[in-house]
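# Close look at the chain arrangement
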Amino acid sequence: MSRSFPAPSLAPLIASLWLACTATFAHAEPMTDVNALAQKEQQPLLDTLRDLVSIESGSKDIDGLNQIAERVAGQLKQLGGTVEILHPTDVYRLDDTPETIGPAVHAVFKGTGSKKIMLIAHMDTVYLKGMLKDQPFRVDGDKAYGLGIADDKQGVALILHTVAMLQKLNFRDYGTLTVLTNGDEEISSPGWRSTITKFAADQDVVFSFEGGGTEGTLRLATSGIGSAYLTVHGKSSHAGARPEGGINALYELSHQVLQMKDLSKPEQGLKLNWTVSKAGTNRNVIPADASAQADARALKVADFDELQKALQEKIKNRLLPDSRVELKFEVRRPPLEANDASRRVAAYGKTVYGEIGLSLKVDEKAAGGGTDAAFAALKTSGAVVEGMGLSGFGAHSNDAEYVQINSIVPRLYLATRMIMDLSTGKLK
């Protein structure tokens, strides 16, 4: 006997599809309280940005760095954090590291949940004291201009006002919310690299608030930056009367540089380029000393290790056996490598941006210079996401550095929502 199935048996499936669609549409809508608060927070953030830009804080301007650290620490204290101004004790001395390193501001906000989230930015700039008068803070249309405004005072301001929004929303579902702003990023963070790595090691997520460029791109990878220093010691002698009595350091340096010219591996992102050299004192003197510097870039931490070994092996082969060759290699910044955790967090960021009708670019391929995000990633298994800052342009330019004002509300919304949803388990 044939049996017909009544149409109502499809009802559970239809209901499930309807609920899924409803959930999708609901998720596509912005959280109105967060979005509305972000709009109200725009002008206060601009006011903070004006104050920060008005403090000159070049990497070697210790007075200025102390002043901006006090300003940032004061605002974090008002927001209820446990705040301290730190001074470096573990300095990684690079070739150009100044005697004194600027401070860092460390703040911790304790919540009721379990997730550990860290926000980082830097307070120092590349500019010299006295340059502020040529480019003070100003607003022109949808752009705010100022020295260091894009790199990275916008990042500091964005962190301050993201924390302010969480306070105003009475949101404390995170375990700890840690803020660290340092004063030596532009000189490769010699004083704070180890601190960044230490504080980041047990975090679930680290958000770095360098600018997102003109398109507001999140970056999951950055290039590692290294420097090689080659020094040759020979022996001077009269170049005309007795050249054979000398050991020509310039000859040996040339030999060394030429035999190292093929150590680059462009197919894997490893680059070594000799860029600076110096030899000799007078035309008629065989040079006793010569030196050269190289710029190195890598996409993987292991590539720098291999490069150092290759360089040390190369210098064993000398043109002039009586010369003495020394090589020093500095990892100025390790590369930041994308991992599954950072990909997952960034993908969720795309969803959050979609709620306010915007698309969010995520770049997994390293481009340009390195950042402190790479130090944060060295010992953590959690996500590290760079480029959370405002859109802007003209970093390191003394007449064209700006941020786009229309990126303030979206970035505040993004940062606040990401912290909230990470804390409550919506982003797993």
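Residue positions within a chain follow its written sequence, with the count starting from 1. Residues qualify for local features only when their pLDDT is at least 70, as the model is predicted, and side-chain atom pairs are given and counted only at 80 or more; totals for whole chains, interfaces and linings, by contrast, use all residues. Each side-chain value is derived from all of the structure's non-hydrogen atoms; neither hydrogens nor water enter the calculation.

### Brief notes about the sheet that holds strand E14 (residues 383-385)
Formally: When DSSP finds at least two bridges between two strands, those strands are taken to pair. Under the scheme used here, helices are H or I runs from DSSP no shorter than 4 residues and strands are E runs no shorter than 2 residues, and both carry numbers assigned from the N terminus. To get an axis, fit a line to the C-alpha atoms, keeping to the stretch in contact for a helix; angles then go from 0 to 180 degrees between the N-to-C directions.
With mixed pairing, 6 strands are arranged side by side in an open sheet as E1-E2-E6-E3-E7-E14. In the strand order of this sheet, the two ends are held by strand E1 (82-86) and E14, each with one partner. Neighbour-to-neighbour, the strand axes of this sheet turn through a mean angle of 15°, independent of strand direction. Two strands pair when backbone bridges link them, and strand E3 (residues 116-122) and strand E6 (residues 176-182) are joined in this way by 7 bridges, in the parallel orientation. The partner of His122 across the bridge, within E6, is Asn182.

### Here we look at the pattern of salt bridges
What counts, and what does not: By salt bridge we mean one thing: a side-chain nitrogen of Lys or Arg within 4 Å of a carboxyl oxygen of Asp or Glu. Burial classes follow relative accessibility: with a 1.4 Å probe on protein chains only, a residue under 20% of its type's maximum area counts as buried, one over 50% as exposed, and anything between as partly exposed.
Under the criterion given, the structure shown has 21 salt bridges. A salt bridge links Asp47 to Arg50, with the nearest nitrogen and oxygen atoms 3.5 Å apart. With Asp47 and Arg50 both in helix H2 (residues 32-53) and 3 residues apart, the pair spans about one turn of that helix. A residue is classified by how much of its surface remains accessible, and Asp47, at 28% relative accessible area, is partly exposed.

### Regarding the sheet that holds strand E11 (residues 289-298)
Ordered by their spatial adjacency, 4 strands build an open sheet running E10-E11-E9-E12, and the pairing between neighbours is antiparallel. Looking at which strands have only one partner, the edges of the open sheet turn out to be strand E10 (271-279) and strand E12 (324-333). Adjacent strand axes in the sheet meet at a mean angle of 15°, parallel and antiparallel pairs treated alike. Both E10 and E11 contribute to a ladder of 8 bridges, which runs antiparallel.

### Describing the environment of Leu177
Structurally, Leu177 can be placed in strand E6. When its relative accessible area of 1% is taken as the criterion, Leu177 is described as buried. Along the backbone, Leu177 and Gln43 are 134 residues apart, and their C-alpha atoms lie at a distance of 24 Å.

### A short note on the environment of Met31
What counts, and what does not: Note on contacts: a residue pair qualifies if any of its non-hydrogen atoms lie within 4.5 Å across the two residues.
Looking at the element boundaries, Met31 is found in the loop between helix H1 (11-28) and H2. A C-alpha to C-alpha distance of 49 Å links Met31 and Ser264, two positions 233 residues apart in sequence. In this structure Met31 touches Glu355, Tyr413, Arg417 and Met420, once residues within four positions along its chain are discounted.

### Concerning the nonpolar core
Selection criterion: As used in this record, nonpolar core signifies buried Ala, Val, Leu, Ile, Met, Phe, Trp, Tyr and Cys residues forming a set joined through side-chain atoms within 4.5 Å.
Residues Val72, Leu76, Phe109, Leu119, Leu177, Phe207 and Phe209 are the most contacted members of the largest nonpolar core, which totals 70 residues. It is helix H4 (residues 149-168) that provides the largest number of residues to this core, a total of 11 residues. Residues in contact with Val72, not counting those within four places in the same chain, are Leu52, Val105, Met123, Val156, Leu160 and Thr181.

### Looking at the packing of aromatic side chains
The line we're drawing: Side-chain rings of Phe, Tyr and Trp, where Trp is taken by its six-membered ring, are said to pair if the distance between their centres is within 6.5 Å; with planes under 30 degrees apart they count as stacked, over 60 as edge-to-face, and otherwise as tilted. A ring has a charge above it when a Lys NZ or an Arg CZ is no more than 6 Å from the ring centre and no more than 35 degrees off the ring normal.
Tallying each qualifying case throughout the model produces 4 aromatic pairs. Both rings, one in Tyr145 and one in Tyr402, keep their centres 5.5 Å apart while their planes meet at 55°; by these two values the pair is tilted. Taken as a pair, Tyr145 in strand E5 (residues 143-145) and Tyr402 in strand E16 (residues 402-404) lie far apart in primary sequence, 257 residues in all. Residues Tyr145 and Tyr402 agree in their burial class; the two are buried. Here the aromatic residues Tyr145, Phe393 and Tyr402 are joined through ring pairs into a cluster of three or more. Across the ring face of Tyr145, the terminal group of Arg138 is positioned such that the distance to the ring centre comes to 4.1 Å.

### Remarks on helix H3 (residues 62-78)
Heads up, the condition is: Expected helix span is given by 1.5 Å per residue-to-residue step, counting one fewer step than there are residues. This arc is built from the directions going out from the helix axis to the C-beta atoms.
Its 17 residues give H3 an end-to-end C-alpha distance of 24 Å, which sits within 8% of 24 Å, the value for a rise of 1.5 Å per residue. Here H3 has its buried residues at Ile62, Gly64, Leu65, Ile68, Ala69, Val72, Ala73, Gln75 and Leu76. One side of H3 holds all its buried residues, which, seen down the axis, span an arc of 160°. Residues of H3 that are exposed and point more than 90 degrees away from the buried face comprise Asp63, Glu70, Lys77 and Gln78. On its buried face, H3 is in contact with H2, E1, strand E2 (104-110), H4 and E6. Following H3 by one or two positions, Gly80 adopts a phi angle in the positive range, close to 100°.

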